[in-house]
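# Architecture at a glance
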Amino acid sequence: MFKRAFIIACMLSLTACQSTKEGPQESELTPQVTELHTVPSQMQPHHPIEQQPFPTAPIHAEDVWQRIRQQISFAPSSHPRVLKRVNWYLQHPNYMDTISQRAQPLLYYIVTEIEKRGLPIELALMPLIETDFDMQAYSHKHASGLWQLTPLIAKHYGIEINPWYDGRQDLIDSTRVALDFLTYLHKRFDGNWYHAVAAYNTGEGRVLRAIANNRKAGKSTDFFALQLPRQTRHYVPKLIAATQLLKQQLMPFPAIANTQAITTVSLPAATILDRDPNWSMLAELNTGYARFPALLGGPNRLIMPIDKAQQWQSYAKNLPTMPSNQWQTYTVRRGDSLSVIAANYELSVSQLKSFNQLRSDTIRIGQHLVLPVLADQHYTYTVKSGDSLWRIAKQFNVSVNKLKQWNELSGSTLQIGKQLTIFLAAP
């Protein structure tokens, strides 16, 4: 382990800005930016980094990771926190296989949006640091989605959050807001991207106070000198480590084709997808819709693989639309009939048939029907001894991810007596 760390440190120090001063070299720890830092002159690093514009996208890259690598402009660092994370990555060689698999349909879009805005390409690696490219991730602080946006920030920047749709878990909505917010923070912190990224993680108030405290004490205001929460102290080093791994090619990043992977199609105001397995991938690309396959309350568009767009047009002509703004699914059981189900849910048989595009009165055990439901009829389940998310999800025929999404659960641990909201008919 010591030998590995020593070799890595030597490799990184060769590419870092040079200095012979003892202690942390602050000039190594500041990214290249397009605006000068507004810190007192006595606190400026002894060897300031040359200011350069962010490079334009190389058009010859065949792999999105390499497209990112060729544009990296943040300075490398041999700070112990960075090296610790580099070592972690090197000790988990299969980690990037999982990351690339999840990022494959997303990364080209993210990189393109960042380039359009002229932002540093390193920001494309933030979903790796935040969520391992998991679009349905939740944190204990109620941050959600690929970019871990809080409800406050999301709503401030115009994201829709309602019982049917959470734009924080939508690739397009969340990427727009995350980049808007990062652009604001970059200006708020006078062009210092490390401060901006730290503030993205912990809030601008904490970073501003840490900077003010260091200035008052005559200390450096570079990121590594600030007194910040532990998570934030390691958050920026994780991003730096990932960029160095990629820039210096210290480990393989499985290739992702540098071509557009997804597109969007428009939808009516409310749509229900059927359960055609040919379109099952749409649930993974459209996690913003909380009660898929009912597409309600969102931006009236659908993200799909670009090679499926033409096929979708003919398929979509026969899709039903949702006449109500709330819904649930019901699994047909022994003894059920359309008249019995309709009576139980205060519907007419003709309405029930219309909702589900049924041409006859025949239904079969195990068949799934879509039913409208009032908001106060949501089922509440109380966790009992021996319960787990997997067991509850299986009981109600839903996914664990949906249980987490509906109840804003960041982990898999449940407390006895906790009440869970389930958007299905009670058994």
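Look up: the structure comes first, before these words.
These numbers were taken from a predicted model, which means no experiment stands behind them. (Residues numbered from 1 in each chain as written. Predicted model: local features only at pLDDT ≥ 70, side-chain atom pairs only at ≥ 80, totals over all residues. Heavy atoms only, no water.)

## Quick word on the overall build of the chain
- Looking only at helices and strands, the chain features 17 helices and eight strands.
- Within the span of the chain, comprising 427 residues, buried residues form 52% of the whole.
- The contacts of the chain with a sequence gap of at least 6 include a subset with a gap of at least 24, amounting to 67%.
- Carbon and sulfur atoms make up 50% of the accessible area of the chain, which totals about 21000 Å². (Helix = DSSP H or I, 4+ residues; strand = E, 2+ residues; numbered from the N terminus. Buried < 20%, exposed > 50% of the residue type's maximum accessible area, 1.4 Å probe, protein only. Contact = heavy atoms within 4.5 Å. Areas by Shrake-Rupley, 256 points an atom, 1.4 Å probe, with all protein chains shown as cover.)

## What about the layout of surface pockets?
- Here the second largest pocket defines a volume of roughly 840 Å³.
- Around the second largest pocket, the lining comprises 36 residues; the ones closest to its centre are Glu 130, Gln 148, Asn 201, Gln 231 and Tyr 235.
- When residues of the lining of the second largest pocket are traced back to their parent elements, those giving at least two are helix H3 (80–91), helix H6 (126–131), helix H7 (151–156), helix H9 (193–202), helix H10 (204–216) and helix H11 (230–247).
- In terms of residue class, the lining of the second largest pocket is built from 15 nonpolar, eleven polar and ten charged. (1 Å grid on protein atoms, 1.4 Å probe; cavity = no way out; pocket = protein on both sides within 12 Å on 5 of 7 lines; lining within 4 Å. Points joined across faces, edges and corners; volume = space filled by probe spheres on them. Nonpolar A, V, L, I, M, F, W, Y, C, P; charged D, E, K, R; others polar.)

## Topic: the pattern of salt bridges
- Enumeration over the complete set of coordinates arrives at nine salt bridges.
- Glu 115 is paired through a salt bridge with Arg 67; the nearest N and O atoms lie 2.5 Å apart. Of this pair, Glu 115 sits in helix H5 (residues 107–117) while Arg 67 sits in helix H2 (residues 64–69), and the two are 48 residues apart along the sequence.
- Glu 115 gets classed as partly exposed once you look at its relative accessible area, which sits at 21%.
- Across the salt bridge formed by Glu 204 and Arg 188, the nearest N and O atoms sit 3.3 Å from each other. Note that Glu 204 is positioned in helix H10 and Arg 188 in helix H8 (residues 171–188), a separation of 16 residues in sequence.
- Look at Glu 204 and you get partly exposed, because its relative accessible area is 24%.
- What emerges from the salt-bridge pattern is a single network uniting Arg 117, Arg 176 and Asp 180. (Salt bridge = Lys/Arg side-chain N within 4 Å of Asp/Glu carboxyl O.)

## Points about the nonpolar core
- Counting 72 residues, the largest nonpolar core has Trp 65, Ile 68, Tyr 89, Ile 110, Phe 133, Trp 147 and Tyr 200 as the members making the most contacts within it.
- If we skip the residues at most four places from it in the chain, Phe 133 touches Trp 65, Ile 99, Arg 102, Ala 103, Leu 106, Leu 107, Ile 110, Ala 124, Pro 127, Leu 128 and Leu 146. (Core = buried A, V, L, I, M, F, W, Y, C linked by side-chain atoms within 4.5 Å.)

## Here we look at H5
- Those residues of H5 not exposed but buried are Leu 107, Tyr 109, Ile 110, Val 111, Thr 112, Glu 113 and Ile 114.
- Of the surrounding secondary structure, the elements contacted by the buried residues of H5 are H2, helix H4 (95–103), H6, H8 and strand E1 (262–266).
- Following H5 by one or two positions, Gly 118 has its phi on the positive side, about 70°.

## Quick word on the side chain of Ser 100
- With respect to the element layout, Ser 100 can be found in helix H4.
- A distance of 3.2 Å separates the side chain of Ser 100 from the backbone oxygen of Pro 254, its partner in a polar contact.
- Once residues lying within four places of it in the same chain are set aside, the contact partners of Ser 100 are Trp 65, Phe 253, Pro 254 and Ile 256. (Polar contact = N/O pair within 3.5 Å; in protein donor to acceptor, adjacent residues only side chain to side chain.)

## Focus on the pairing of strand E8 (residues 419–422)
- Only one face of E8 is covered, namely the one carrying Leu 420 and Ile 422; the face carrying Gln 419 and Thr 421 has none of its residues buried.
- Strand direction decides the pairing type here: strand E7 (residues 379–382) and E8, joined by four bridges, are antiparallel. The residue bridging Tyr 381 from the neighbouring strand is Leu 420, located in E8. (Pairing = 2+ DSSP bridges.)

## Some thoughts on the side chain of Ser 220
- Within the secondary structure, Ser 220 sits in the loop between H10 and H11.
- Among the polar contacts listed, one links the side chain of Ser 220 to the backbone nitrogen of Asp 222, at a separation of 3.1 Å.

## Structural notes on H9
- Along H9, ten of the ten residues are buried, which leaves the element largely enclosed by surrounding structure.
- Along H9, the residues that are buried comprise Trp 193, Tyr 194, His 195, Ala 196, Val 197, Ala 198, Ala 199, Tyr 200, Asn 201 and Thr 202.
- Tucked inside the fold, the buried residues of H9 contact H6, H8, H10 and H11.
- Capping the start of H9 is the job of one residue whose side-chain oxygen sits 3.0 Å from the backbone nitrogen of Tyr 194: Asn 192.
- Backbone geometry just downstream of H9 places Gly 203 in the positive-phi region, at approximately 105°.

## What to know about the packing of H3 against H11
- Running from amino to carboxyl end, H3 crosses H11 at an angle of 55°, the nearest separation of the two axes being 8 Å. When the axes of H3 and H11 are compared, the pair comes out oblique. The two elements H3 and H11 cross, and the hand of that crossing is right-handed. Taking contact as the criterion, the partners of Arg 81, Val 82, Arg 85, Val 86, Tyr 89 and Leu 90 in H3 are, on H11, Arg 233, His 234, Pro 237, Lys 238, Ile 240, Ala 241, Ala 242, Gln 244 and Leu 245. (Axes fitted to C-alpha atoms, helices over the stretch in contact; angles between N-to-C directions. Parallel < 35°, antiparallel > 145°, perpendicular 65-115°, else oblique. Left-handed = near helix turned anticlockwise from the far one by under 90°.)

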